[in-house]
Amino acid sequence: MGGKEKNLNPMDYLVTDLLEEILLGLPLKSVFRFKTVSKQWRSILESRRFVDMRLKKVQKKLKILAVGEGRTMSGFEGDEEIEMIYLHCDDATQPSLTCDGLVCIPKPGWINVLNPSTRQLRRFPCSPDHPVSPFCLNRQLRVWPYLTFFPGNWAMGFGRDKVNGCYKVVRMCFDPVEECEVLDLETGEWRKLIPPGPPFHDMDVGRKSACVNGSIYWLKLLWDFKLLALNLHTLEFRNVSVPHKWFSLDTQIMNLEDRLAIAKTKGGPEWELEILSLMDSEEELWTKTYSITLASIIIGLPWEHSWFTVVTVSKLGNLVLYDKHKRLFKYNTKTNEICCLSSNISVISLCLENLAPLRSDSGHHPDDYKIRISSCGLCLKHPEAGISTVAVDR
């Protein structure tokens, strides 16, 4: 056997598909370590194909991303289905959007995107915010805890193009001028869009959007109760009809089991949370999928307003939700029982393990990111970013 053959790495003979299957079964920490084995392994682990397969891989436990307060976490009683992932971040309590485990935190003049799985943080400059009109300021001053206002009162969206797999951020403004733009995280470039047809100003900027099957959806409430959808690949807008009886001040939209869903909380004496799911987007066929009695967990006087936000559905079909009192609940759909898992957790979203890299732009060298691993989690720091410190506890 010649010297040239002796230097061959036995791993080079592994079929790529077999190697992918082996790497898919590794824990997250091992995936990061094995990126340094060879260029081939790094190429596989950072490929879109592997990232997609890893994202679809079923997690052993349902993970929920929450804001951590202090070095010691308390309040979560533990559950056989659910695991808490705590995010320590200066801006973690700011309004945010999530998609596939990525967290988008808009800031004045910047869009910050964090991937807790890869421990990467990237910021993207954006156009200056327009002055907020007195009308919008008055809306924000109202006591509506279920509304979310982003800087400059932009209607924000964050999602994934299902055709090419790119993640995109969308901003829409209608006061004082109509403006619409989309950011491609892959290229870091903004693109101007033609605003949707009139009336454009009926967008409710206080409602969070939802991304489902490659489209972002926003609620339109002022003139007609509809949904505005943007296809992230074609960048075309369309309207989606919704039954009028589902309108209420606390109506929310969400991605639930990969379907677009609308949830609303009925007040007393019913105290119910009802969820409507879009079963057929082309025919706009909606079906009521859940109706949960909340009377046993309501806090406060009978006439006081209360709201609940659905996080996800577990593998066993149980609903996970939280309320304005920082309480986390699990609703058993078989027994119709609801139990409180925590009384002091600020939930951000469902947490998915996503290996999609947030590639650094040319202005930032990887050394700009300081990573420190300690017993209390991982800290990531960028000297200039709007988010100064991030830590993830598992």
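Before reading further, recall that the structure is shown in the block above.
As the structure is a computational prediction, the values presented were derived from the model and not from experiment.

K.L.:
Can you tell me about the pattern of salt bridges, naming the residues and giving the values?
P.N.:
Inspection of every chain in the model, using the stated rule, returns 16 salt bridges. Residues Lys 35 and Glu 46 are paired through a salt bridge, measuring 3.6 Å at the closest nitrogen-oxygen approach. With a gap of eleven residues between them, Lys 35 in the loop between α3 (28-34) and α4 (39-45) and Glu 46 in the loop between α4 and α5 (48-56) connect regions that are remote in the sequence. One salt bridge in this structure joins Arg 48 and Glu 186, with 3.4 Å as the shortest N-O distance. Remark: Glu 186 occurs in the loop between β9 (179-184) and β10 (189-192) and Arg 48 occurs in helix α5; sequence separation between them is 138 residues.

K.L.:
Which residues make up the packing of helix α2 (residues 16-24) against α5, and what are the values?
P.N.:
Across the interface, α2 lies against α5 with an axial gap of 11 Å and an inter-helix angle of 40°. In terms of orientation, α2 lies oblique with respect to α5. The two elements α2 and α5 meet at a crossing, and its hand is right-handed. When α2 is examined against α5, the residues Asp 17, Glu 20, Leu 23 and Leu 24 are found in contact with a partner set consisting of Arg 49, Phe 50, Met 53 and Arg 54.

K.L.:
Please provide a residue-by-residue account of the packing of aromatic side chains, values included.
P.N.:
Overall, the coordinates contain four aromatic pairs when judged by the stated rule. Taking 6.4 Å as the distance between ring centres and 40° as the angle between the ring planes, the aromatic pair formed by Phe 158 and Tyr 167 counts as tilted. For Phe 158, a relative accessible area of 2% gives the class buried. Geometrically, the ring pair formed by Trp 307 and Tyr 322 is edge-to-face, given 6.3 Å between the ring centres and 80° between the ring planes. With Trp 307 in the loop between β18 (285-293) and β19 (308-313) and Tyr 322 in strand β20 (residues 319-323), this residue pair connects regions lying 15 residues apart in the sequence. One exposure class covers both Trp 307 and Tyr 322, and it is buried.

Here is what the cut-offs are and how they apply
- Residues numbered from 1 in each chain as written.
- Predicted model: local features only at pLDDT ≥ 70, side-chain atom pairs only at ≥ 80, totals over all residues.
- Heavy atoms only, no water.
- Salt bridge = Lys/Arg side-chain N within 4 Å of Asp/Glu carboxyl O.
- Helix = DSSP H or I, 4+ residues; strand = E, 2+ residues; numbered from the N terminus.
- Axes fitted to C-alpha atoms, helices over the stretch in contact; angles between N-to-C directions.
- Parallel < 35°, antiparallel > 145°, perpendicular 65-115°, else oblique.
- Left-handed = near helix turned anticlockwise from the far one by under 90°.
- Contact = heavy atoms within 4.5 Å.
- Phe/Tyr/Trp six-rings, centres within 6.5 Å; stacked < 30°, edge-to-face > 60°.
- Buried < 20%, exposed > 50% of the residue type's maximum accessible area, 1.4 Å probe, protein only.

That is the geometry; function is a separate question.
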